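# Notes for the structure review
Single-letter residue listing:
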Amino acid sequence: MASRMKRAYRYRFYPTDAQAAELSRTFGCVRRVYNLALAARTEAWTLRQERVNYNATSAMLTAWKKTEELAYLGDVSSVPLQQALRHLQGAFAAFWDKRAKYPRFKSRKNSRKSAEYTSSAFRWRDGALTLAKMSEPLDIRWSRPLPEGAEPSTVTVSQDAAGRWFVSILVDDPAVRPLVATDTTVGVDAGLSHLVTLSTGEKIANPRHERKDRARLAKAQRKLSRKAKGNGANRAKARRKVARIHARIKDRRRDHLHKLTTRLVRENQTIVIEDLTVRNLLKNGRLARAISAAAWGEFRSMLEYKAAWYGRDVVAIDRWFPSSKQCSTCGALQGRMPLNVRTWTCDSCATTHDRDVNAARNLRAAGLAVSACGAGVRPQRESSRTGRSAMKQEPLRREP
């Protein structure tokens, strides 16, 4: 019998006016409860060095509902409010474990609008989903079917900046199972002119979705900048137009990454990548837009969770490994290599290399060595003694 794994299926839906109003109220209450709990926990820690846990904030929520100022919190389902407190607890746990920064307050304009419902706050019957406080099911566009016999355990409703509504349904998916093991290993070198270069010599072009819509985006942003600041209807319309262009770029980029990562995971048992610190790389003002458009972080995230689904391995090689300057044939290390050198000949064995293909092959060899000894290569953090930042060793070529 195949083991079951949790998997979320995301769909777009179109709420009625009453449903949209109810969800908007819920989003506002979720944000309010999260911010109130964060303020209470911050005050307790700052003044008394006291850690407030989820149970304490849950009791606070009950008290808040009884006040005249916050009585409106009782008008929406209590489950999304409790889930917001659980998410805050998870954010603090990550902070105490030094896996994330201190939790931040949610902004009305910039934060993601979402609400999470557990099984006690929705009804799933005959393929129809009805949320608490609603009399009618959501009008969901089923772009793909849920697994046969699937029973949702959690439902998350969200609205993006472009005004689109989405529902994410978490189910046990028996279709997710390990693939047949293979003996293939591939090295993957990330870049800008080419999205990735494989150790097989194949180069995957960078679609540059952002560049294709850059003129439309710039025009929409100029129009937005000319609107009077405030809550006016014209400014809201201009803001939504900019958000729709961003959403189009994001959707196309994510679709391409899904297809690429699924292919790599299906074809290879082990995928070797470089452990890039994208957050630090984005500090380079000349390359920040090109790096963001390449979405290396999202590419790696997709590889890792799909590898976990299908029984594959992802090995991350230290970012200081000189993959481009080391000869993949004889192992000799070359000297200084400017970025305009895209092909070079080894001084020791006279082999001519394509810079990116050579880097991918070196990554593959390093990944095989790591797999053989059964240990991963840990990324190096910033050293307090050297002051060297944890960035990719070799600079990146500026986007043309």
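Basis of the calculations
- Residues numbered from 1 in each chain as written.
- Predicted model: local features only at pLDDT ≥ 70, side-chain atom pairs only at ≥ 80, totals over all residues.
- Heavy atoms only, no water.
- Helix = DSSP H or I, 4+ residues; strand = E, 2+ residues; numbered from the N terminus.
- Contact = heavy atoms within 4.5 Å.
- 1 Å grid on protein atoms, 1.4 Å probe; cavity = no way out; pocket = protein on both sides within 12 Å on 5 of 7 lines; lining within 4 Å.
- Points joined across faces, edges and corners; volume = space filled by probe spheres on them.
- UniProt positions renumbered as here; feature names shortened; annotations may be inferred.
- Buried < 20%, exposed > 50% of the residue type's maximum accessible area, 1.4 Å probe, protein only.
- Pairing = 2+ DSSP bridges.
- Nonpolar A, V, L, I, M, F, W, Y, C, P; charged D, E, K, R; others polar.
- Polar contact = N/O pair within 3.5 Å; in protein donor to acceptor, adjacent residues only side chain to side chain.
- Axes fitted to C-alpha atoms, helices over the stretch in contact; angles between N-to-C directions.
- Parallel < 35°, antiparallel > 145°, perpendicular 65-115°, else oblique.
- Left-handed = near helix turned anticlockwise from the far one by under 90°.
- Core = buried A, V, L, I, M, F, W, Y, C linked by side-chain atoms within 4.5 Å.

As recorded in an unreviewed UniProt entry, the protein chain goes by RNA-guided endonuclease TnpB family protein and comes from Streptomyces lanatus.

### Structural notes on the environment of Arg 252
With respect to the helices, strands and loops of the structure, Arg 252 is situated in helix H6 (residues 233-267). Linking Arg 252 and Glu 210, residues 42 residues apart in sequence, is a C-alpha distance of 9.4 Å. In this structure Arg 252 touches His 209, Lys 212 and Asp 213, once residues within four positions along its chain are discounted.

### Quick notes on empty space enclosed by the protein
According to the stated counting rule, one finds four cavities of 30 Å³ or more in the structure shown. Counted as a void, the second largest cavity has a volume near 70 Å³. As for the second largest cavity, its lining consists of Leu 195, Asn 206, Pro 207, Arg 208, His 209, Glu 210, Arg 253, His 256, Leu 257, Ala 293 and Ala 294. Among the elements of the structure, helix H4 (209-212), H6 and helix H8 (288-294) are those that each provide at least two residues to the lining of the second largest cavity.

### Brief notes about the UniProt feature "domain: Cas12f1-like TNB" (unreviewed entry) in the protein chain
Per the UniProt record, "domain: Cas12f1-like TNB" (unreviewed entry) is found at residues 296-363. The annotated region residues 296-363 carries 35% helix and 16% strand content, and the separation between its end C-alpha atoms amounts to 16 Å.

### Considerations on the pairing of strand S8 (residues 185-190)
S8 sits mainly inside the fold: five of its six residues count as buried. As defined by bridge partners, S8 adjoins strand S11 (residues 270-274) across three bridges and the pair is classed as parallel. By the bridge assignment, Val 186 is partnered in S11 with Ile 271. As paired elements, S8 and strand S9 (residues 194-198) share three bridges and run antiparallel to each other.

### Describing the UniProt feature "domain: Transposase putative helix-turn-helix" (unreviewed entry) in the protein chain
UniProt records the feature "domain: Transposase putative helix-turn-helix" (unreviewed entry) for residues 5-48 in the present numbering. Taken end to end, residues 5-48 is 73% helix and 20% strand, and its first and last C-alpha atoms sit 42 Å apart.

### Regarding the layout of surface pockets
In this structure, the largest pocket occupies an estimated 1,300 Å³ of space. Lining the largest pocket we find 35 residues, and of these Lys 113, Gln 159, Asp 160, Ala 161 and Ala 162 sit closest to its centre. Listed by contribution, the elements that provide at least two residues to the lining of the largest pocket are strand S1 (5-13), helix H1 (17-48), strand S6 (154-159), strand S7 (165-173) and H6. Counting residues per element, the lining of the largest pocket draws most heavily on H6, which supplies nine residues. Partitioned by chemical class, the residues of the lining of the largest pocket number nine nonpolar, 13 polar and 13 charged.

### A short note on the side chain of Asn 358
Structurally, the position occupied by Asn 358 is in helix H10 (residues 355-373). A distance of 3.2 Å separates the side chain of Asn 358 from the backbone oxygen of Ser 324, its partner in a polar contact. Only 2.8 Å separates the side chain of Asn 358 from the backbone oxygen of Gln 326, close enough to count as a polar contact. Residues within four places of Asn 358 in sequence aside, it is in contact with Ser 323, Ser 324, Gln 326, Cys 327, Ser 328, Trp 344 and His 353.

### What about the packing of H1 against helix H2 (residues 54-65)?
At a minimum axis distance of 10 Å, the contact between H1 and H2 shows a crossing angle of 120°. The angle between H1 and H2 places the two elements in the oblique class. Remark: the crossing between H1 and H2 carries right-handed chirality. On the side of H1, the interface is formed by Val 33, Leu 36, Ala 37, Ala 40 and Arg 41, while H2 contributes Tyr 54, Thr 57, Met 60, Leu 61 and Trp 64. When its residues are assigned to classes, the contact of H1 with H2 shows eight nonpolar, one polar and one charged.

### Concerning the sheet that holds S9
Taken in spatial order, the five strands of this open sheet run S10-S9-S8-S11-S12, and their pairing is mixed. Every other strand in the sheet has two partners, leaving strand S10 (203-205) and strand S12 (313-317) as the edge strands with one partner each. Between one strand and the next, the sheet's axes are offset by a mean angle of 25°, whatever the strand orientation. Contacting S9, S10 and S11, H6 crosses the sheet at an angle of about 5° to S9. This element, helix H9 (residues 296-310), spans S8, S9, S11 and S12 of the sheet and lies at about 140° to S12.

### Some remarks on the sheet that holds S7
In a beta sheet, neighbouring strands pair by backbone hydrogen bonds and run either parallel or antiparallel. Ordered by their spatial adjacency, five strands build an open sheet running S2-S6-S7-S1-S5, and the pairing between neighbours is antiparallel. Where the open sheet ends on each side, the last strands, each with one partner, are strand S2 (113-118) and strand S5 (140-141). Here S1 runs beside S7; their pairing, made up of nine bridges, is antiparallel. Within S7, the residue paired with Arg 12 across the bridge is Phe 166.

### Re the nonpolar core
Ranked by internal contacts, the top residues of the largest apolar core, which has 42 residues, are Leu 23, Leu 129, Leu 131, Val 157 and Val 167. With nine residues, the single largest contributor to this core is H1. Excluding its chain neighbours within four sequence positions, the residues that come into contact with Leu 131 are Leu 23, Tyr 117, Ala 121, Phe 122, Leu 138, Val 155 and Val 157. In terms of nonpolar packing, the next biggest core, distinct from the first, is built from 28 residues, Val 176, Leu 303, Trp 309 and Ala 316 among them.

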